[in-house]
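Examining the three-dimensional arrangement
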Amino acid sequence: MQAELTTEAVWEFLDQVMDPEVPVLSVVGLGIVRDVRLDPDGVTVVITPTYSGCPAMHVIERDIVTGLAAHGVGLVRVETVFSPAWTTEWMSDDAKAKLVAYGIAAPAKTNDDGGLVTLTRRGAVACPYCRSTKTTLRSEFGSTACKSIHYCDSCSQPFEGFKAI
Amino acid sequence: MKTAKAGARPPAARISSDAAFQYLLRLGDDRLVLGHRLSEWCGHGPILEEDIALTNIALDLIGQANLFLELAGRAEGKGRDQDALAYFREAVDYRNLLLVELPKGDFAFTIARQLAFSVYSFLQFEALVKSTNEDLAGIAAKAAKEAKYHVRHSADWLIKLGDGTDESHERAQRAVDEIWRYTGEMFVADDVDRAAVAIGLGVDPSTLGDPWRGHLDDVLKRATLIVPEVKFMQRGGRTGNHTEHLGHILSEMQIVARSFPTGGW
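Along each chain, residue indices are assigned from 1 in the same order as the chain's sequence is written. A letter from A marks each chain and a number from 1 marks each ligand, given out in the order of writing. Local features in a predicted model are, by the rule used here, given only for residues with pLDDT of at least 70; side-chain atom pairs are given and counted only at 80 or more, and totals for whole chains, interfaces and linings are based on all residues.

**As for the environment of B:H215**
Residues and elements named next belong to chain B.
- By secondary structure assignment, the location of H215 is in helix α9 (residues 209-222).
- Residue burial here comes from a neighbour count, namely the number of other C-beta atoms, placed from the backbone, that lie within 10 Å of the residue's own C-beta, with 20 or more meaning buried, 12 or fewer meaning exposed, and in between meaning partly exposed. When the 22 C-beta atoms within 10 Å are taken as the criterion, H215 is described as buried.
- Taking C-alpha positions, H215 is 23 Å from N56, a pair spaced 159 residues apart along the chain. Numbering goes from the N terminus for both helices and strands, where a helix is a DSSP run of H or I of at least four residues and a strand is a run of E of at least two.

**A word on the packing of helix α5 (residues 107-128) of chain B against α9(B)**
Residue and element names in this part refer to chain B.
- Every axis corresponds to a line fitted to the C-alpha atoms, with the helix fit spanning only the stretch in contact, and the corresponding angles, defined between N-to-C directions, vary from 0 to 180 degrees. Where α5 meets α9, the closest approach of the two axes is 10 Å, and the angle between their N-to-C directions is 140°. Here α9 runs oblique to α5, going by the angle between their axes. As α5 packs across α9, the resulting crossing turns out to be right-handed. Residues L115, A116, V119, Y120 and L123 of α5 lie in contact with α9, whose contacting residues are P211, W212, H215, L216 and V219. Roughly parallel means an angle under 35 degrees; roughly antiparallel, over 145; roughly perpendicular, 65 to 115; everything else is oblique. Here is the rule for handedness: rotate from the far helix to the near one, and if that takes an anticlockwise turn smaller than a right angle the crossing is left-handed, while a clockwise turn gives right-handed. By definition, residues are in contact whenever their C-beta atoms, placed on the basis of the backbone, come within 7 Å of each other.

**Remarks on the pairing of strand β1 (residues 33-39) of chain A**
- Pairing between two strands requires that DSSP report at least two bridges joining them. Examined bridge by bridge, β1(A) and strand β2 (residues 42-47) of chain A share six bridges and lie antiparallel to one another. Among the inter-strand pairings, A:R37 is bridged to a residue of β2(A), identified as A:T44.

**Points about the interface of chain B and chain A**
- On the chain A side, the residues contacting the 29 residues of chain B number 22 residues.
- Here the side of chain B that touches chain A gets 15 residues from one element, more than from any other, and that element is helix α6 (residues 134-162) of chain B.
- Charged means Asp, Glu, Lys or Arg here, nonpolar means Ala, Val, Leu, Ile, Met, Phe, Trp, Tyr, Cys or Pro, and polar covers whatever is left, Gly included. Looking at the side of chain B that touches chain A residue by residue, the class counts come to 14 nonpolar, six polar and nine charged.

**Let's talk about the sheet that holds strand β3 (residues 76-80) of chain A**
Residues and elements named next belong to chain A.
- The strand order across the open sheet formed by three strands is β1-β2-β3, and the pairing between neighbours is mixed. Since the sheet does not close on itself, it has two edges, and those belong to β1 and β3, each with one partner. Across the sheet, the axes of successive neighbouring strands diverge by a mean angle of 20°, strand direction being ignored.
- As defined by bridge partners, β2 adjoins β3 across five bridges and the pair is classed as parallel. Of the residues in β3, the one forming a bridge with V46 is E79.
- Sitting on the sheet, helix α1 (residues 7-14) touches β1 and β2, and the angle it makes with β1 is about 135°.
- Helix α2 (residues 57-69) contacts β2 and β3 of the sheet and is inclined by roughly 155° relative to β3.

**A word on the sheet that holds strand β4 (residues 104-105) of chain A**
All names here are of chain A.
- With respect to topology, four strands assemble into an open sheet ordered β4-β7-β6-β5, the strand pairing being mixed. Strands at the two margins of the open sheet, each flanked by one partner only, are β4 and β5 (135-139).
- Pairing of β5 with strand β6 (residues 147-152) involves four bridges; the strand directions are antiparallel. Bridge pairing links L137 to H150 in β6.

**Let's talk about unusual backbone geometry**
Residue and element names in this part refer to chain A.
- The omega torsion across S83 and P84 is -5°, close enough to zero to call that bond cis.
- Relative to the elements of secondary structure, P84 occurs in the loop between β3 and α3 (93-102).
- Despite not being glycine, R131 has its phi angle at roughly 70°, a positive value.
- Among the structural elements, R131 can be located in the loop between β4 and β5.

**Some remarks on the domain arrangement of chain A**
Residues and elements named next belong to chain A.
- Note that domain bounds follow an automatic or database assignment of domains. Per the domain assignment, the segments of chain A are domain 1 (7-86) and domain 2 (102-162).
- Opposite the seven residues of domain 1 that make contact, domain 2 presents five residues.
- For the side of domain 1 that touches domain 2, the per-class residue count stands at four nonpolar, two polar and one charged.

Structure follows, in structure tokens:
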């Protein structure tokens, strides 16, 4: 490993590793990289899963290792932690803007008081195409664990939204 | 199984580590079996969105099971990982609730069971966030968010079905009637639970009954459904006394791993 490698550089390299399911977001923008450590025997990247059963985690681990290798960083260890639990609050504004430009509604503020309200009414989700808030939730679950399915009553476009958790 | 030599370890330590294993196994097995039941809807959902929703929930549950069984394997300390526990145990060694192993039934049955289990599961996770086992507390914090989504999904649907057409109402009520006698088992505290509470690992399930009933009453009322009167609650899953249905689902789930025990994919 080069002697001049810094954690900042590793963070920058990681910002070029894209999420396999939402390829406009990097693993850093998505908030799943929690820490980077330079150890004498290599680099440790600490990540946290978005969802317990997220099937993309193995691919993400592999992409991190190959992504860093492309910059000449070998001996990479990827460590998974579960606490604190991932939240969409960790997504940067820049990442949210990229999501909308890609056609996926950005997550709202989570506003989670922790308790269980069986029948929560959801706030309106703005259509990423025409920005109308006259939209209908079609399903709490979309093509990946992190998204829901909506329909825009203004422009008749079905779209996906990032679930706020 | 070898019997431990008398005096090899103090009895108290043996009980607590065994309780930790059993407690974590219960958490894992409930979700593994229910996740597999739900996955039976893959390609059979009433509408495409529901096909996706039910299999998404199945994925969450199997993901949670994976984490709990990994912890269980570590607590047991015999080198068994989550795959060994999931694929190479017999039905009598499974510790899941009877509720989660019942066949998937119609859509109303699946939804009623999901609501009953998801509310219970959320309440469990909410309490397990305070577990002295940091791994368990971290997983619980994450899984609580998932369970909350699962509750919203099934509560919405039960209201749509109950307060829907004559047929959907009738099927929803039948589903609630059928699952009800299997719900009591969730709140029975036994020696494993008490030991898990004593070592700071687990939550006493008997404390979850009242809040669970409050949520269920609320949803059922809005769904114009009534809570059935049940005089006898079924139980047995926590001690390995299962219905005939578990063996069938396990044989389906385990066949590939047992046919190719060293296979990887």
